[in-house]
Amino acid sequence: MAEKHKKSGRFPETRWSLVGRAAASDDLTRQRALAELLATYTPAMKSFLLEARRIPPDLADDILQSFIADKVLAAGLVKHADKGRGKFRNFVLKSLNNFASTKMKAEWANRPAAMDSNWQQTDIRSAAASDCFDRQWAQQVVRETLLSMEAECSQKGRSDLWEVFRLRFAEPMMNDAEPVEYDQIIRRFRLESPREAMNLLANAKRSFLRHLRIVVGKYVSNDSEIDREIDDLRGIV
């Protein structure tokens, strides 16, 4: 499933290569890739169970753990992902939704008839049903992108590039903080003019977008899909 790709620094994964490695025959390769996939998708899956399916938190945790153990790990769910059929996250969401429905039917069938339930069957084709999943996925992708950018800036001795982006964009985007004004940036980094500050920020934006394309590229099939996913991310975030 994984396509050939050229190594680029410490971020070589593009075009579903992470998904491909998660379905690999080599145990170590598969385990590492699955761990990375689960780190990205678990918060979104849990949010979907709690918000869209309205499943009680303790039961949602049990369902999620069972889904990961039974479907992702034991049954090799990732092997059945087909990049020709659309977005990987939609495949994950549909699989989880079906699994949750089966589990909830069994759960409530074994409870007294007088006990009411507030969980609901969910049509994942509706925008509202997948909003919580997409929102959590988007936040996780942005976090991963920020960590990648920060690590590279640190490695290359460009803490100024990271800090100006963090102050102007990352903190406002992730924590609802107010963007730091340009005059403060000029003083903080001992710049000579507002233009120099704007140039620094423009370079930081290009760095962020490059890292974002690499992160998003792990789960899509081609460059045009990367652009569409980034457009989706802008709308979600």
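Only a predicted model underlies this, so the values are computations on that prediction, with no experimental measurement involved.

S.K.: It is not clear to me how the overall build of the protein chain should be interpreted in this structure. Could you clarify?
M.R.: A count of helices and strands for the protein chain gives nine helices and zero strands. When the helices and strands of the protein chain are read in sequence order from the N terminus, they spell out α-α-α-α-α-α-α-α-α. Looking at the 237 residues of the protein chain, the share that counts as buried comes to 43%. For the protein chain, the accessible area works out to roughly 13300 Å², and carbon and sulfur atoms hold 48% of it.

S.K.: Help me understand the confidence of the model for the protein chain in this model?
M.R.: It should be kept in mind that the predicted coordinates are not to be read in detail where pLDDT is low. Across the protein chain, the average pLDDT comes to 79, with 76% of residues at 70 or higher. Predicted confidence for residues 1–15 stays below pLDDT 50, and this span has 37 contacts to residues more than four positions away or in other chains.

S.K.: Please explain the packing of helix 8 (residues 194–216) against helix 9 (residues 223–236) as it appears in this structure.
M.R.: Angle between the axes and distance between the axes: these two values describe a pair of packed helices. Axis separation between helix 8 and helix 9 bottoms out at 10 Å; the angle between their running directions is 110 degrees. Considering the angle they form, helix 8 stands roughly perpendicular to helix 9. Helix-helix and strand crossings are classified by hand; for helix 8 and helix 9 the assignment is right-handed. Note on element contacts: helix 9 touches helix 8 through Asp223, Ile226, Asp227, Glu229, Ile230 and Leu233, opposite Leu209, Leu212, Arg213 and Val216. Of the residues in the contact of helix 8 with helix 9, the class split is six nonpolar, no polar and four charged.

S.K.: Honestly, the pattern of salt bridges in this entry has me stumped. Any pointers?
M.R.: Note that side chains of opposite charge can pair when their charged atoms are close. In the structure shown here, the tally under the stated rule is 14 salt bridges. Where glutamate 163 meets arginine 188, a salt bridge forms, and the shortest distance between an N and an O atom there is 3.4 Å. One end of the pair, glutamate 163, is in helix 6 (residues 159–175); the other, arginine 188, is in helix 7 (residues 182–188), with 25 residues separating them in the sequence. Among the residues examined, glutamate 163 registers a relative accessible area of 19% and is labelled buried. As a salt-bridge pair, glutamate 171 and arginine 166 come within 3.8 Å of each other at their nearest N and O atoms. Bridged by salt links that share partners, the residues Arg89, Asp134, Glu229 and Asp232 form one connected network.

S.K.: Help me understand the environment of leucine 64, please; the structure alone is not making it clear to me.
M.R.: Relative to the assigned elements, leucine 64 resides in helix 3 (residues 57–74). Considered as a pair, leucine 64 and lysine 46 are 18 residues apart in the sequence and their alpha carbons are 6.8 Å apart.

S.K.: What is the right way to read the packing of helix 6 against helix 8 from this model?
M.R.: Orientation of helix 6 relative to helix 8, taken along the N-to-C sense of each, is 75 degrees, at an axis distance of 9 Å. Considering their axes alone, helix 6 and helix 8 lie roughly perpendicular with respect to each other. Here Asp160, Leu161, Val164, Phe165, Arg168, Phe169 and Met173 of helix 6 come into contact with helix 8, specifically with Leu200, Leu201, Asn203, Ala204, Lys205, Ser207 and Phe208. Its residues assigned to classes, the contact of helix 6 with helix 8 comprises nine nonpolar, two polar and three charged.

S.K.: What is the right way to read the environment of methionine 45 from this model?
M.R.: Following the sequence through the fold, methionine 45 ends up in helix 2 (residues 27–52). Taking C-alpha positions, methionine 45 is 8.3 Å from glutamine 136, a pair spaced 91 residues apart along the chain.

S.K.: When you look at the packing of aromatic side chains in this model, what are you seeing that I'm missing?
M.R.: Aromatic rings considered in pairs are described by the distance between their centres and by the relative angle of their planes. For the structure shown, the criterion picks out four aromatic pairs. Where tyrosine 41 meets phenylalanine 133, the ring centres are 6.5 Å apart and the plane angle is 25 degrees; that geometry is what we call stacked. Highlighted residues: tyrosine 41 in helix 2 and phenylalanine 133 in helix 5 (residues 127–155), separated in sequence by 92 residues. Each member of the pair tyrosine 41 and phenylalanine 133 is classed as buried. When the ring of phenylalanine 165 is compared with that of phenylalanine 208, the centres are 4.8 Å apart and the planes differ by 25 degrees; the resulting orientation is stacked.

Cut-offs used in this document
- Residues numbered from 1 in each chain as written.
- Predicted model: local features only at pLDDT ≥ 70, side-chain atom pairs only at ≥ 80, totals over all residues.
- Heavy atoms only, no water.
- Helix = DSSP H or I, 4+ residues; strand = E, 2+ residues; numbered from the N terminus.
- Buried < 20%, exposed > 50% of the residue type's maximum accessible area, 1.4 Å probe, protein only.
- Areas by Shrake-Rupley, 256 points an atom, 1.4 Å probe, with all protein chains shown as cover.
- pLDDT = per-residue confidence, 0-100.
- Contact = heavy atoms within 4.5 Å.
- Axes fitted to C-alpha atoms, helices over the stretch in contact; angles between N-to-C directions.
- Parallel < 35°, antiparallel > 145°, perpendicular 65-115°, else oblique.
- Left-handed = near helix turned anticlockwise from the far one by under 90°.
- Nonpolar A, V, L, I, M, F, W, Y, C, P; charged D, E, K, R; others polar.
- Salt bridge = Lys/Arg side-chain N within 4 Å of Asp/Glu carboxyl O.
- Phe/Tyr/Trp six-rings, centres within 6.5 Å; stacked < 30°, edge-to-face > 60°.

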